[in-house]
Amino acid sequence: MLPVLSKTTHAQLAEIDRAIELVQRANGLMEQGAFSEAVVLFDQILESFPDLPEVNLAAAKAYFRLGERRKAMIGCINELVNDPQNGRALNFLYEMHLARLVRGIRLEFNRKIPPKRWPSISLVMIVKNEEAHLERCLDSVKDMVSEMIIVDTGSTDRTVEIARAYGAKVYHFDWCDDFAAARNESLKHATGEWLLMMDADNWLEPEDKNQLLWAAASGKADVYLCKQLDWNTETTYRGSPQARLFRNLPGLYYQSALHENILPSARQLGLTIALTEIKIQHIKFILDATKLRQKRERNLNVLRKALEKAPDNLEYQVLVGTALDELEQHEEAFATLEPILLNLPDHYVPDIHLRQAYVIVANAYIRKLEFAKLDHLLRQMVADFPDSVSVWVGAGSMYLNGLGRPEVALEFFGHAERLPCEEEDLENLGTKDLAALLLRLRARAALYAGQVDRARELLVHGWKSGRRFSAGWREKMQALLADGKYHEVLNLLSPVPLDPDALKLAGQAAMGTQQWGDAAAYLAMAAVLSAPDQVSWKDLAICEFKSGSPACCLRACQLGLEVHPDHPDLLAQAGAAAWQLKDVGEAFRWFVHAVVVHPQDTLAQKNLEKAASEIGMTSTEAVRKQALIWTRDREYRLAYLAWEQVVACNPMDQQAVQLHTMLRSLA
């Protein structure tokens, strides 16, 4: 299957023939083992025909054979963007991803037959001024560990006294702005076969304690990852899996001065790493703005000192970039992170901090309207996290809202739906109902991709039944909206049924509370279920614009203008959206359209005058330029009206007079 070209010229046909010839040559080189030469040819082909089926996958295989795994994984993503059903590309992607994890396994334990001997476990901790929490931590583990190793980094309260009361061996360590160094000090004094790492604000529930004992006794892995369950005063959520139980082995040590991690050394040793369902409880304190900033400034200071000692350490560089962003130094964060992501080596194992770096740089590209760079970055991000639901959804959302490519977003959301969802994904996405979120996103993407039937099918088959209403409910909701009782309307409608009127009312109520994203979602679903001439395209476009998606705003305007070709508000909004996207030609198309069909509309005149002045033109010059474009493109009605205005402003413009006269009958 070849790319479909409208009005294919002889030159284009020759290019296609040339591409086919290059593909055949590249495949021949692959068979001969000449992978470097094959890659050169594949890249040459993809520069002209990036959508050519199977070529991205073939290039991925060539890059993999050359040891360039990240490029190979990006190639698989490129193939999946072009052909979402390509199972070969998907399987190859996951094979490479699993190989990168280094003998990682997901593990549960059979606890029916007790071991002949329980292995010894040393508790290893670093503490400072933890008198408020330390007792609960030590109480929860005292009957499962053979010794307690506690390294104190300068407590001035009763921390040391409490630790010794539990029989702990306490060692003092002069703080040096390096968490890994302090952790490694605790490992140095431990004598147990296994090491259990805890913080003072952690504790174990009995069931999880038993599972840890069985994990050590099973001997199925060398390092066990546990899921930290974070508690605050309002809610609980799971953080990323952390290495908490591991063998006491030479060469196994913590790295990184901040966010210290033992996994890099475990991977270097080729150890087996197991992901478990064991939970570590954790009190997560909500700091006020001042203390939070102080903590972030401390972290940045620690990282900068570490980076001075190891200036080539990519992990430190990533952490510095994310720390700068947390301190709202966005441009400096972008300048730090962008070159790292553009040149990321294959040996760098993706983690939560790298994912954060991707999001920071992607958001910067959206702000800077650097869409080609954003496209490449999103594909690389998904290639690095192919098993993460939240990454697929996040990338899809950026394709939809930032790049204005709903067809790609639709397929990314589809891939997310087929993956197992972790609680961490729900936390990252800020939702408790992934199915409902994906349904709204997929329906909206399908609408803007022009696949209304698919969007309607998704909603009809996937929507959970909403609230049932008694007679007169529409009138009641409209009266409440008129009184400005928007929150009451949303409460009464929730859960919103799959009814276009209910969705429109929910959208209007969300607009009243300035929840622009929710409003856009409701109105988009209402549009899917309604006849096109019954849709409030203007409201939908406004909500998309105010929610930060000028690309979706422009698409909503275009859909509305298919029904109401000269609608003044839609023309004005389309021009504003295109202008924000820095698509000057598209913006003038809509601004001039509004002026020539509504010559008495003062807002349309002001929009055109302002836009024209910003690029050093008069409004008449802008109308004349657009008139030439419409004449060339055979849009005779608009061209005639545009020339009419040019002639009215400048009767001596002979070309304008001639074209205006010529187009009179055609218009």
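Reading guide: rules and limits
- Every chain begins its residue count from 1, and numbering advances along the sequence as written.
- The model is predicted, so local features are restricted to residues of pLDDT at least 70 and side-chain atom pairs to those at 80 or more, both for listing and for counting; the totals for chains, interfaces and linings are taken over all residues.
- Working from all heavy atoms in the structure, the side-chain values ignore hydrogens and water.
- Helix numbering and strand numbering both begin at the N terminus, where a helix is a DSSP run of H or I of at least 4 residues and a strand a DSSP run of E of at least 2.
- Using a 1.4 Å probe on the protein chains alone, a residue whose accessible area is under 20% of its type maximum counts as buried, one over 50% counts as exposed, and one in between counts as partly exposed.
- Note on contacts: a residue pair qualifies if any of its non-hydrogen atoms lie within 4.5 Å across the two residues.
- Note: two strands are recorded as paired if DSSP finds a minimum of 2 bridges between them.
- Orienting the strands away from the viewer, one traces the path from the first strand over the helix to the second; a clockwise path indicates a right-handed crossover.
- Axis geometry follows a simple rule: fit a line to the C-alpha atoms, using only the stretch in contact for helices, then measure angles between N-to-C directions, giving values from 0 to 180 degrees.
- Crossing handedness follows the turn of the near helix against the far one: under a right angle anticlockwise gives a left-handed crossing, and clockwise gives a right-handed one.
- Only Asp, Glu, Lys and Arg are considered charged in this grouping, and only Ala, Val, Leu, Ile, Met, Phe, Trp, Tyr, Cys and Pro are considered nonpolar; every other residue, Gly among them, is considered polar.
- The score called pLDDT rates the predictor's confidence residue by residue, from a low of 0 to a high of 100.
- Here, the arc refers to the directions that run from the helix axis to the C-beta atoms.
- In what follows, salt bridge is the name for a side-chain nitrogen of Lys or Arg lying within 4 Å of a carboxyl oxygen of Asp or Glu.
- The criterion is simple. A nonpolar core is a set of buried Ala, Val, Leu, Ile, Met, Phe, Trp, Tyr and Cys residues joined through side-chain atoms within 4.5 Å.
- The span one expects for a helix is its residue count, reduced by one, times 1.5 Å.
- An angle counts as roughly parallel when it lies under 35 degrees, as roughly antiparallel when it exceeds 145, as roughly perpendicular when it falls between 65 and 115, and as oblique in every other case.

Peer 1: It is not clear to me how the overall build of the protein chain should be interpreted in this structure. Could you clarify?
Peer 2: The secondary structure content of the protein chain amounts to 32 helices and 9 strands. Dimensions of the protein chain, computed from the C-alpha atoms along their principal axes, are close to 100 × 75 × 50 Å. Considering the protein chain as a whole, with its 667 residues, one finds that 50% of them fall into the buried category. A separation of at least 24 residues holds for 63% of the contacts in the protein chain among residues at least 6 apart in sequence.

Peer 1: Even after reading the chapter, I still don't get the pairing of strand E4 (residues 169–172), so can you show me in this structure?
Peer 2: Remark: a regular strand shows side chains that alternate across the two faces of the sheet. Of the strand pairs in this sheet, strand E3 (residues 147–152) and E4 are connected by 4 bridges, and their pairing is parallel. Considered in E4, the bridge of Asp-152 is made with His-172. Between the parallel elements E3 and E4, the chain passes through helix H7 (residues 159–165) in a crossover that is right-handed.

Peer 1: Even after reading the chapter, I still don't get the packing of helix H22 (residues 486–493) against helix H23 (residues 500–512), so can you show me in this structure?
Peer 2: How two helices sit against one another is set out by the angle between their axes and by the gap between those axes. Following both chains from N to C, one finds H22 and H23 inclined at 145 degrees, their axes separated by 8 Å at the closest point. The element H22 and its partner H23 pack so that their crossing is left-handed. Only Ala-502, Leu-505, Ala-506, Gln-508, Ala-509, Ala-510 and Gly-512 of H23 make contact with H22, whose side of the interface consists of Tyr-486, Val-489, Leu-490 and Leu-493. Considered class by class, the residues forming the contact of H22 with H23 number 9 nonpolar, 2 polar and no charged.

Peer 1: Help me understand unusual backbone geometry in this model?
Peer 2: Excluding glycine, a negative phi dihedral is what most residues carry, and trans is how most peptide bonds are arranged. For the bond from Ser-494 to Pro-495, the omega torsion is -10 degrees, close enough to zero to count as cis. Its location among the elements puts Pro-495 in the loop between H22 and H23. Within the chain, Asp-177 stands out as a residue other than glycine whose phi angle is a positive 60 degrees. Here Asp-177 shows up in the loop between E4 and helix H8 (179–189). Although it is not a glycine, His-259 sits at a positive phi angle of roughly 55 degrees. If you trace the backbone, His-259 turns up in the loop between strand E8 (236–247) and helix H10 (263–268). Residue classification places His-259 among the partly exposed residues on the basis of a relative accessible area of 38%.

Peer 1: Help me understand the pairing of E3, please; the structure alone is not making it clear to me.
Peer 2: The element E3 is largely enclosed, with a buried count of 6 among its 6 residues. The sheet contact formed by strand E2 (residues 121–127) and E3 spans 6 bridges and is parallel. The residue bridging Ile-126 from the neighbouring strand is Val-151, located in E3. Tracing the backbone out of E2, into helix H6 (residues 134–141) and back to the parallel element E3 gives a crossover that is right-handed.

Peer 1: Is there a simple way to think about the confidence of the model for the protein chain in this case?
Peer 2: Regions with low pLDDT should not have their predicted coordinates read in detail. For the protein chain, the mean per-residue pLDDT works out to 90, and 94% of the residues sit at or above 70. Throughout residues 1–8 the model reports pLDDT below 50, and contacts reaching past four residues in sequence, or to other chains, amount to 10 contacts.

Peer 1: What should I look at first to understand helix H21 (residues 473–482) in this one?
Peer 2: Given 3.6 residues per helical turn, the α-helix brings residues three or four places apart onto the same face. Taken residue by residue, H21 has Trp-473, Met-477, Leu-480 and Leu-481 as its buried positions. Along the axis of H21, the buried residues cluster in a sector spanning 100 degrees; they form a single face. In H21, the exposed positions angled more than 90 degrees off the buried face are occupied by Glu-475 and Ala-482. Where H21 ends, the next residue or the one after it, Gly-484, has phi of about 75 degrees, a positive value.

Peer 1: Looking at this model, I keep getting lost on the pattern of salt bridges. Mind explaining?
Peer 2: Side chains that differ in sign of charge can pair as their charged atoms come close. Scanning all chains against the criterion turns up 41 salt bridges. The partner of Arg-379 in a salt bridge is Asp-375, with the nearest N and O atoms 2.9 Å apart. Here Asp-375 and Arg-379 lie together in helix H15 (residues 371–384), a separation of 4 residues that amounts to about one turn. The same class applies to Arg-379 as to Asp-375, namely buried. Here Asp-653 makes a salt bridge to Arg-624, at a shortest N to O gap of 2.7 Å. Of this pair, Asp-653 sits in the loop between helix H31 (636–649) and helix H32 (654–666) while Arg-624 sits in helix H30 (residues 619–632); the two residues are 29 residues apart in sequence, bridging distant segments of the chain. Residue Asp-653 is classed as buried on the basis of its relative accessible area, which comes to 12%. We classify Arg-624 as partly exposed; its relative accessible area is 22%.

Peer 1: Explanation requested: the nonpolar core in the structure shown.
Peer 2: Side chains that are nonpolar tend, in soluble globular proteins, to be buried together. Core analysis: the biggest nonpolar cluster contains 178 residues, and Phe-42, Leu-378, Phe-412, Leu-447, Leu-493, Leu-540 and Val-596 have the highest contact counts within it. Not counting residues up to four positions away in its chain, the partners in contact with Leu-540 are Leu-447, Tyr-448, Ala-520, Leu-523, Ala-524 and Ala-556. One finds Ala-168, Trp-194, Leu-196 and Tyr-224 within the second-largest nonpolar core, a separate group that totals 33 residues.

Peer 1: How do you make sense of helix H24 (residues 516–529) when you look at a structure like this?
Peer 2: Counted at 1.5 Å a residue, the expected span for H24 with its 14 residues is 20 Å, and the 20 Å between its end C-alpha atoms agrees. Burial of H24 is extensive: 11 of the 14 residues sit out of reach of the surface. For H24, the full list of buried residues reads Trp-516, Ala-519, Ala-520, Ala-521, Tyr-522, Leu-523, Ala-524, Met-525, Ala-526, Ala-527 and Val-528. Buried residues belonging to H24 abut helix H19 (434–448), helix H20 (452–462), H23 and helix H25 (537–546).

Peer 1: Explain the packing of helix H12 (residues 314–326) against helix H13 (residues 330–342) here, please?
Peer 2: The N-to-C vectors of H12 and H13 enclose an angle of 155 degrees; their axes lie 7 Å apart at closest approach. Overall, the two elements H12 and H13 adopt an arrangement that is roughly antiparallel. As for the relative orientation of H12 and H13, their crossing is left-handed in sense. The segment H12 lies against H13, with Leu-314, Gln-317, Val-318, Gly-321, Thr-322, Leu-324 and Asp-325 engaging His-330, Glu-332, Ala-333, Thr-336, Leu-337 and Ile-340. Of the residues belonging to the contact of H12 with H13, the class tally is 6 nonpolar, 5 polar and 2 charged.

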